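Reading the structure
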Amino acid sequence: MCNPEEAALLRLEEVFSATLARVNSYVLQPLLPAAPEPSDPWARECLRLLQQLHKSSQQLWEVTEESLHSLQERLRHPDSTGLESLLLLRDADRVLQAHIEYIESYTSCMVVQAFQKAAKRRSQYWRGQRKALRQLLSGVSSEGSVGASPGQALHQPLTHHVQQYVLLLLSLGDTIGEHHPTQELVVNAVTLFGNLQSFMKQALDQAAATQALWHTLRGRPRDVLCTPAHRLLQDSQDVPVTVAPLRAERVLLFDDALVLLQGHNVHTFDLKLVWVDPEQDGCTFHLLTPEEQFSFCAKDSQGQAVWQWKVTQAVRQVLRGKKDFPVLGAGLEPSQPPACRCAEYTFRAEGRLCQATYEGEWCRARPHSKGTLKWPDGRNHVGNFCQGLEHGFGIRLLPQASEDRFDCYKCHWREGSMCGYGICEYSTDEVYKGYFQEGLRHGFGVLESGPQAPQPLRYTGHWERGQRSGYGIEEDSDRGERYIGMWQAGQRHGPGVVVTQAGVCYQGTFQADKTVGPGILLSEDDSLYEGTFTRDLTLMGKGKVTFPNGFTLEGSFGSGAGRGLHTQGVLDTAALPPDPSSTCKRQLGVGAFPVESRWQGVYRPFRDFVCAGCPRDLQEALLGFDVQSSRELRRSQDYLCCERTHPEDSVGSMEDILEELLQHREPKALQPYLRKALSNSLHPLGKLLRTLMLTFQATYAGVGANKHLQELAQEEVKQHARELWAAYRGLLRVALQRKGQALEEDEDTETRDLQVHGLVLPLMLPSFYSELFTLYLLLHEREDSFYSQGIANLSLFPDTQLLEFLDVQKHLWPLKDLTLTSNQRYSLVRDKCFLSATECLQKIIIQHLGAEIHLIRDMMDPNHTGGLYDFLLTALESCYEHIQKEDMRLHRLPGHWHSRELW
């Protein structure tokens with residue numbers, strides 16, 4: 001059954017639909033000029049706005065026709081068609097949106113006086129249409145300007161129509177009762193169209209105020225500000241306000257910008273980047289923008305409240321991307337604009353950001369969180385920001401003079417400067433991987449020149465304020481030498497060792513990159529020179545040479561053009577040949593570089609990370625990150641999307657790592673856990689081990705593979721084991737602290753050494769074995785050659801001579817008392833004794849056995865001293881030395897023994 005209100009709605013829609021059709025024919029169509037399109041830009045803009053209004057009017061008419069159709073269907077079939085079928089109820093939002101779009105198009109035309117300008121072109125036509133407009137549209141005045149009549153005709157019917165909607169829907173709601181199934185739909189429609197009434201009035205008032213504003217402006221301010229999009233919200237001529245420190249003559253608040261006028265100067269601030277400071281001071285409130293801060297001071301608290309409230313809500317509106325609905329200022333107090341927002345801004349003030357465009361997230365007028373900075377000269381930075389400064393991980397590209405060449409910095413930043421771990425690729429093809437502080441290389445880092453560089457260099461070591469300082473290794477591929485030692489202000493300074501590709505080693509003191517004072521020089525054949533040198537390590541001045549055969553030459557040395565090396569001194573040939581073992585064990589660097597202080601730049605970041613409680617945000621900055629090849633990165637525009645591998649991507653978050661560590665504290669579980677952690681390059685312990693491996697290879701691989709560095713390397717491996725155990729203990733302490741527990745008291749030296757040698761060293765030694773064992777091979781090469789020759793000689797011994805050489809006592813030779821023929825006795829001895837002895841011998845025919853024995857002895861757990869392992873190793877050492885001296889013993893045995901001689 002239908003209500004009278006439904007019939008009234010039907011008549012209302014019929015009248016409004018017909019009115020829209022007549023308005024379109026008598027008003028809108030005549031406003032649209034025929035071809036050609038106007039040449040004046042402003043006239044073209046007015047035409048565009050009128051065309052948009054015509055389109056909105058057509059959409060509104062189509063929605064009205066659809067609503068009319070739903071009402072007709074309801075009235076024709078009231079029993080089968082429910083009230084919810086009415087478009088006004090079931091799709092009220094769509095009807096509402098059509099009205100809003102029409103009003104916005106109409107007010108845009110109104111702001112720029114498009115109706116007056118269009119009507120002026122056909123003034124004679126409009127004078128003849130006034131009578132027709134009065135007959136067609138009630139309420140259109142016969143007085144006023146020519147352009148006012150079309151404007152009134154375009155909005156008055158809509159205003160009346162919406163007002164009638166609200167009245168009829170209210171009546172319909174009262175008629176059906178509050179328990180009716182469609183009561184909620186009716187209430188919603190009443191609310192929406194009631195809000196639309198307020199919105200329309202406010203939109204028309206703002207458009208009228210904006211239109212009136214243009215008449216008060218002249219010159220540049222009018223040219224800059226007069227656009228159809230602007231809506232004036234507040235004018236300081238209506239509610240006075242002063243602005244400091246910029247003394248503005250007039251302040252205008254639009255729906256998208258705050259404008260300060262100073263003579264012909266127009267200062268415009270995008271409301272997306274305006275923050276209202278909640279702090280108040282009497283009649284004053286403060287505004288924050290990316291480059292300036294203002295104080296707005298009103299004459300009284302009421303004026304201050306008006307301005308602050310309107311600015312706040314205008315900012316909130318523009319951030320939402322649409323005007324408030326139901327209406328600005330209606331209903332409950334709206335929420336404050338978000339402090340964090342996304343926007344783009346180009347800095348104008350002088351400074352490091354001058355002309356740079358920032359696009360990304362902001363907080364209280366400062367770049368904050370993720371964003372991108374781009375300068376006109378091609379520089380750009382993408383990454384994290386904090387309070388306006390680069391802070392966190394970021395990538396910066398600096399273009400160089402040559403085409404398509406960049407310096408690429410992929411680093412961590414703190415307060416605008418590189419700080420923490422970073423990887424930098426330079427346009428010169430140099431690459432630096434290491435730590436920064438305040439934008440300079442500081443701490444541990446590796447600098448490597450490109451392979452095509454005129455002087456290929458690689459430096460692995462410590463830096464201080466951008467210069468090499470502390471312990472470091474430099475390899476000069478061009479000269480074929482490596483420097484191991486101390487640096488200061490970018491130059492070799494302090495104790496150092498130089499190793500050359502020819503096997504020559506020098507140890508001495510450097511000052512400002514030059515050798516000073518006495519030093520020692522070891523040649524490949526173990527000749528030793530002690531004295532002074534020139535910069536290129538030529539013997540010069542007083543010195544002493546000790547030759548491998550024990551001869552010594554002591555005196556003065558020098559060199560000259562075409563004369564080569566010359567000397568004047570005493571040659572002593574009376575000395576006995578030195579013990580080969582003492583000659584080969586001359587070691588360099590031991591004592592000159594305390595093992596505890598060599599790689600503090602590697603250990604310290606890890607200690608700092610642990611002492612800080614292993615915060616997740618510092619994990620990557622202190623422990624480094626894995627990167628893909630950034631050679632393509634520098635040439636690609638996709639570098640902004642470059643993703644690095646986070647530690648948690650592979651082994652879980654820091655919390656998971658610490659939790660797993662607590663679950664594997666028992667001795668049986670600890671070793672498998674440490675093995676897994678050390679083998680994973682993304683685990684903190686594995687990352688630390690990889691860095692230590694890098695320093696070890698940089699020192700002792702290639703040119704550094706010199707036998708005189710064996711002890712230096714050996715003590716370094718043991719120190720790394722101690723540091724890895726300390727790192728594990730540090731992580732364990734943090735894990736327990738997070739659980740509210742405390743680590744047991746610090747270990748005593750004995751307990752620590754037990755864990756280091758028994759647990760950590762066996763797990764990490766394979767990582768250093770290749771380089772370390774090479775040094776042992778070189779150091780014990782002569783001993784192993786004697787051993788190999790002894791094995792070769794023993795393989796030629798007759799059977800019984802081999803038994804006697806091996807000191808097998810004759811009474812242990814089986815079957816010697818039996819009455820046997822010589823052939824029988826020979827066969828039995830060969831089968832029983834000889835095979836047993838040779839099997840034993842074959843077990844110790846190991847290439848480079850001496851190097852293996854010494855390495856095992858040096859790395860053996862001290863707790864095994866005097867135990868079974870120590871006894872077995874001692875027995876093996878004795879056998880090794882016994883075979884080494886085979887030649888000397890062989891000379892004391894009878895001459896040419898025959899295999900059957902004793903039988």
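So, how was this worked out
- Residues numbered from 1 in each chain as written.
- Predicted model: local features only at pLDDT ≥ 70, side-chain atom pairs only at ≥ 80, totals over all residues.
- Heavy atoms only, no water.
- Core = buried A, V, L, I, M, F, W, Y, C linked by side-chain atoms within 4.5 Å.
- Buried < 20%, exposed > 50% of the residue type's maximum accessible area, 1.4 Å probe, protein only.
- Contact = heavy atoms within 4.5 Å.
- pLDDT = per-residue confidence, 0-100.
- Pairing = 2+ DSSP bridges.
- Helix = DSSP H or I, 4+ residues; strand = E, 2+ residues; numbered from the N terminus.
- Axes fitted to C-alpha atoms, helices over the stretch in contact; angles between N-to-C directions.
- Phe/Tyr/Trp six-rings, centres within 6.5 Å; stacked < 30°, edge-to-face > 60°.
- Lys NZ or Arg CZ within 6 Å of the ring centre and 35° of its normal.
- Parallel < 35°, antiparallel > 145°, perpendicular 65-115°, else oblique.
- Nonpolar A, V, L, I, M, F, W, Y, C, P; charged D, E, K, R; others polar.
- Patch = residues over 30% accessible without salt bridge, like charges linked within 9 Å, V, L, I, M, F, W, Y side chains within 5 Å.
- Areas by Shrake-Rupley, 256 points an atom, 1.4 Å probe, with all protein chains shown as cover.
- Salt bridge = Lys/Arg side-chain N within 4 Å of Asp/Glu carboxyl O.
- Polar contact = N/O pair within 3.5 Å; in protein donor to acceptor, adjacent residues only side chain to side chain.

**Some words on the nonpolar core**
Counting 72 residues, the largest nonpolar core has Leu 674, Leu 685, Val 717, Leu 731, Met 764 and Leu 772 as the members making the most contacts within it. Aside from chain neighbours lying at most four places away, what touches Leu 772 is Phe 696, Ala 713, Gln 714, Val 717, Leu 765, Leu 855 and Met 859.

**Remarks on the confidence of the model for the protein**
The predicted model of the protein has a mean per-residue pLDDT of 83, with 82% of residues at 70 or higher. pLDDT under 50 marks residues 627–643. Its contacts with residues more than four places away, or in other chains, come to 29 contacts. Across residues 646–651 the pLDDT falls below 50, and counting only partners more than four positions away or on other chains, this stretch makes 15 contacts in the model.

**Quick word on the sheet that holds strand 6 (residues 275–281)**
Ordered in space as 2-8-7-6, the four strands form an open sheet in which the pairing is antiparallel. At either end of the open sheet lies a strand with only one pairing partner, and these are strand 2 (241–244) and strand 6. With strand direction ignored, the average angle separating the axes of adjacent strands in the sheet is 25°. Sheet topology places strand 6 next to strand 7 (residues 284–288); five bridges connect them, and they run antiparallel. Within the sheet, the bridge partner assigned to Asp 281 lies in strand 7 and is Thr 284. In the packing of helix 10 (residues 301–320) onto the sheet, the strands contacted are strand 2, strand 6, strand 7 and strand 8 (293–298), and the crossing angle to strand 6 comes to about 160°.

**Thoughts on the pairing of strand 20 (residues 481–488)**
Most of strand 20 sits inside the fold, with six of its eight residues counted as buried. Where strand 19 (residues 467–476) folds back onto strand 20 in an antiparallel hairpin, the turn is made up of four residues, including Gly 480, whose phi is positive at roughly 70°. Where strand 20 lies against strand 21 (residues 491–500), seven bridges are found, and the strand directions are antiparallel. Paired with Glu 481 across the strands is Thr 500, a residue of strand 21. Turn length for the strand 20-strand 21 hairpin, with the two strands adjacent in sequence and antiparallel, is two residues, and the turn residue Ala 489 shows positive phi of about 55°.

**Observations concerning the packing of aromatic side chains**
Throughout the structure, instances matching the rule amount to 31 aromatic pairs. When the ring of Tyr 769 is compared with that of Phe 773, the centres are 5.2 Å apart and the planes differ by 10°; the resulting orientation is stacked. Of this pair, Tyr 769 and Phe 773 both sit in helix 20 (residues 749–779), four residues apart, roughly one helical turn. One aromatic cluster is present, formed by Tyr 432, Phe 436, Tyr 459, Trp 463, Tyr 483, Trp 487, Tyr 506, Phe 510, Tyr 529, Phe 533 and Phe 557 through successive ring pairs. Positioned above the aromatic ring of Trp 275, the side-chain terminus of Arg 341 is 4.0 Å from the ring centre. Just above the ring of Tyr 432 sits the side chain of Arg 441; from NZ or CZ to the centre is 5.0 Å.

**Side note on the environment of Asn 24**
Tracing the backbone shows Asn 24 in helix 1 (residues 4–31). By relative accessible area, which is 16% here, Asn 24 ends up buried. Put simply, Asn 24 and Ser 57 are 33 residues apart on the chain and 7.6 Å apart in space, counted from C-alpha to C-alpha. Contact partners of Asn 24, with chain neighbours within four places excluded, come to Gln 29, Pro 30 and His 54.

**Some thoughts on the pairing of strand 22 (residues 505–511)**
Of the strand pairs in this sheet, strand 21 and strand 22 are connected by six bridges, and their pairing is antiparallel. Paired with Gly 494 across the strands is Phe 510, a residue of strand 22. Connecting strand 21 to the antiparallel partner strand 22 that follows it, the hairpin turn spans four residues, and Gly 503 within it adopts a positive phi of roughly 90°. Bridge count between strand 22 and strand 23 (residues 514–522): six bridges; the pairing is antiparallel. By the bridge assignment, Phe 510 is partnered in strand 23 with Thr 515.

**Regarding unusual backbone geometry**
For the bond from Ala 244 to Pro 245, the omega torsion is 5°, close enough to zero to count as cis. Considering the arrangement of structural elements, one finds Pro 245 in the loop between strand 2 and strand 3 (250–254). The backbone of Ala 512 sits at a positive phi, close to 50°, despite the residue not being glycine. Residues other than glycine seldom take positive phi values, yet Cys 614 does so here, at roughly 55°. When you line up the elements, Cys 614 lands in the loop between helix 12 (600–611) and helix 13 (616–623). With relative accessibility at 0%, the residue Cys 614 sits in the buried group.

**A look at the packing of helix 12 against helix 18 (residues 684–700)**
Where helix 12 contacts helix 18, the two axes come as close as 10 Å, and the packing angle between them is 170°. It follows from the interaxial angle that helix 12 and helix 18 lie roughly antiparallel. On helix 18, the residues touching Val 602, Tyr 603 and Phe 606 of helix 12 are Pro 684, Leu 685, Leu 688, Thr 691, Leu 692 and Thr 695. Of the residues assigned to the contact of helix 12 with helix 18, the class counts are seven nonpolar, two polar and no charged.

**Concerning the environment of Tyr 776**
Topologically, Tyr 776 is positioned in helix 20. Once residues lying within four places of it in the same chain are set aside, the contact partners of Tyr 776 are Gln 710, Gln 714, Ala 851, His 854, Leu 855 and Asp 858.

**Quick look at the sheet that holds strand 1 (residues 232–235)**
In spatial order, the strands read 1-3-4-5; together these four strands make up an open sheet with antiparallel pairing. The sheet terminates laterally at strand 1 and strand 5 (265–270), the two strands that pair on one side only. The average undirected angle you get between the axes of adjacent strands in this sheet is 20°. With six bridges joining them, strand 4 (residues 257–262) and strand 5 adopt antiparallel strand pairing. Bridged to Gln 262 within strand 5 is Asn 265. Across the sheet, helix 8 (residues 183–216) lies against strand 1 and strand 3, angled at about 55° from strand 1, the strand it touches most.

**Observations concerning a nonpolar patch on the surface**
A contiguous nonpolar patch, built from Leu 868, Tyr 869, Phe 871 and Leu 872 and spanning about 480 Å² of accessible area, is present on the exposed surface. Assignment of secondary structure puts Phe 871 in helix 25 (residues 868–884).

**Description of the side chain of His 683**
Following the sequence through the fold, His 683 ends up in the loop between helix 17 (667–679) and helix 18. Reaching out from His 683, the side chain makes a polar contact with the side chain of Tyr 673 at a distance of 3.3 Å.

**Some words on the packing of helix 16 (residues 654–662) against helix 19 (residues 710–738)**
Two numbers describe how helix 16 lies on helix 19: the axes approach to 9 Å, and their chain directions differ by 100°. Considered as vectors, helix 16 and helix 19 are oriented roughly perpendicular to each other. Mapping the contact onto sequence places Met 654, Glu 655, Leu 658, Leu 661 and Leu 662 in helix 16 and Tyr 728, Leu 731, Leu 732, Val 734, Ala 735, Leu 736 and Arg 738 in helix 19. For the contact of helix 16 with helix 19, the class distribution of residues is ten nonpolar, no polar and two charged.

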